[in-house]
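Now for the letters of each chain:
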Amino acid sequence: MDAAPRSFDELPTDPVIGVPVPFAAGTEAGASVRTLDVRRVTQCALSRTCGVCGATLGRPLAFVGTPRELDRMAFHVPACHVDCAERLLASYADVADPVLGLDAPPAEWLLVTTASFEFVRPTKDDVDRRPVFEPLIPAVP
Ligand SMILES: [Zn+2]
């Protein structure tokens, strides 16, 4: 696959909202934080790389998501380094609109850590065709 990992400070900036665009949302100039890029999400899942910086993951893993995602234990943003997840949350603190295709604005997002996850692809019967990440126990809010 393409797109080398880069440090948080080198991430592209969303042209409209002015916040860093995580690896999982796109890596091209002009990439947007409105939605995730399914190709990148899948790449992160299969290569076990960070959804923010694109580098290889260690443990623990962090997931950033909305309260509803936490209730379902099904996240859409790929697993991240804990540092990357914290920096993403800090960068998005003042963003009022839902971004990355999630169902709540960043002020409501949570960070959970876990040791591993399962990657679940949608089936043709699913209304929501986005793949999800299910953290494996223990997930710690
Ligand atoms: Zn990272």
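One can find the structure itself at the top, above this paragraph.
This one's a predicted model, so the numbers in the text were calculated from it and none came from an experiment. Sequence order sets the numbering: in each chain, residues are counted from 1 along the sequence as written. Local features in this predicted model are restricted to residues whose pLDDT is 70 or higher, and side-chain atom pairs enter the listing and the counts only when it is 80 or higher, whereas totals over whole chains, interfaces and linings include all residues.

A. Layout of unusual backbone geometry. Cis peptide bonds are those with omega within 30 degrees of zero, and the linkage from Arg 59 to Pro 60 qualifies with 0°. For Pro 60, the position within the fold is in the loop between helix H1 (38-47) and strand S1 (61-65). Non-glycine residue Met 73 carries a positive phi angle of around 50°. Numbering of helices and strands runs from the N terminus; a helix is a DSSP stretch of H or I covering at least four residues, while a strand is a stretch of E covering at least two. In this fold, Met 73 is placed in the loop between helix H2 (67-72) and helix H3 (82-91). On the basis of neighbour counts, which here come to 19 C-beta atoms within 10 Å, the residue Met 73 falls in the partly exposed class. Although it is not a glycine, Leu 100 sits at a positive phi angle of roughly 60°. Secondary-structure assignment places Leu 100 in the loop between H3 and strand S2 (110-114). Residues with at least 20 neighbouring C-beta atoms inside 10 Å of their own are called buried, those with 12 or fewer are called exposed, and the rest are partly exposed, where every C-beta is derived from the backbone.

B. How the structure looks around H3. When H3 is considered as a whole, its buried residues turn out to be Cys 84, Ala 85 and Leu 88. In a view along the axis of H3, the buried residues occupy a sector of 100°, so they form one face of it. Close packing links the buried residues of H3 with S1 and S2. This arc corresponds to the set of directions leading from the helix axis out to the C-beta atoms. This entry defines residue contacts through backbone-placed C-beta atoms, with two residues in contact when those atoms are within 7 Å.

C. Local environment of the environment of Ala 107. Looking at where Ala 107 falls in the secondary structure, it is placed in the loop between H3 and S2. A tally of 11 C-beta atoms within 10 Å means that Ala 107 is categorised as exposed. With eleven residues separating them along the chain, Ala 107 and Ala 96 place their C-alpha atoms 7.6 Å apart.

D. Region of the structure containing the environment of Leu 70. Positionally, Leu 70 belongs in helix H2. Residues Leu 70 and Trp 109, spaced 39 residues apart in sequence, show a C-alpha to C-alpha distance of 9.4 Å.

E. Up close: H1. Those residues of H1 lying buried are Arg 40, Val 41, Cys 44 and Ala 45. For H1, the buried positions fall inside an angular range of 135° around the axis, keeping them on one side. In this fold, the buried residues of H1 make contact with strand S3 (117-120) and strand S4 (132-135). Just past H1, the residue Arg 48 takes up positive phi, approximately 55°.

F. Molecular detail of the nonpolar core. By definition, a nonpolar core groups buried Ala, Val, Leu, Ile, Met, Phe, Trp, Tyr and Cys residues that are joined through C-beta atoms within 7 Å. By size, the foremost hydrophobic cluster in this structure holds 34 residues, and its most contacted members are Val 52, Phe 63, Val 64, Ala 79 and Cys 80. Mapped onto this core, the elements with two or more residues apiece are H1, S1, H3 and S4. For this core, the leading source of residues is S1, giving four residues. Sequence-distant contacts of Val 52, that is, excluding residues within four places in its chain, are made with Phe 8, Pro 22, Phe 23, Cys 80, His 81, Cys 84, Ala 85 and Leu 88.

G. Inspection of the environment of Cys 84 at higher detail. Tracing the sequence through the fold places Cys 84 in helix H3. Taking the number of C-beta atoms within 10 Å as the measure of exposure, Cys 84 has 25 and is therefore buried. For the pair Cys 84 and Ala 24, spaced 60 residues apart in sequence, the C-alpha separation works out to 12 Å. If we skip the residues at most four places from it in the chain, Cys 84 touches Phe 8, Cys 50, Val 52 and Cys 53.

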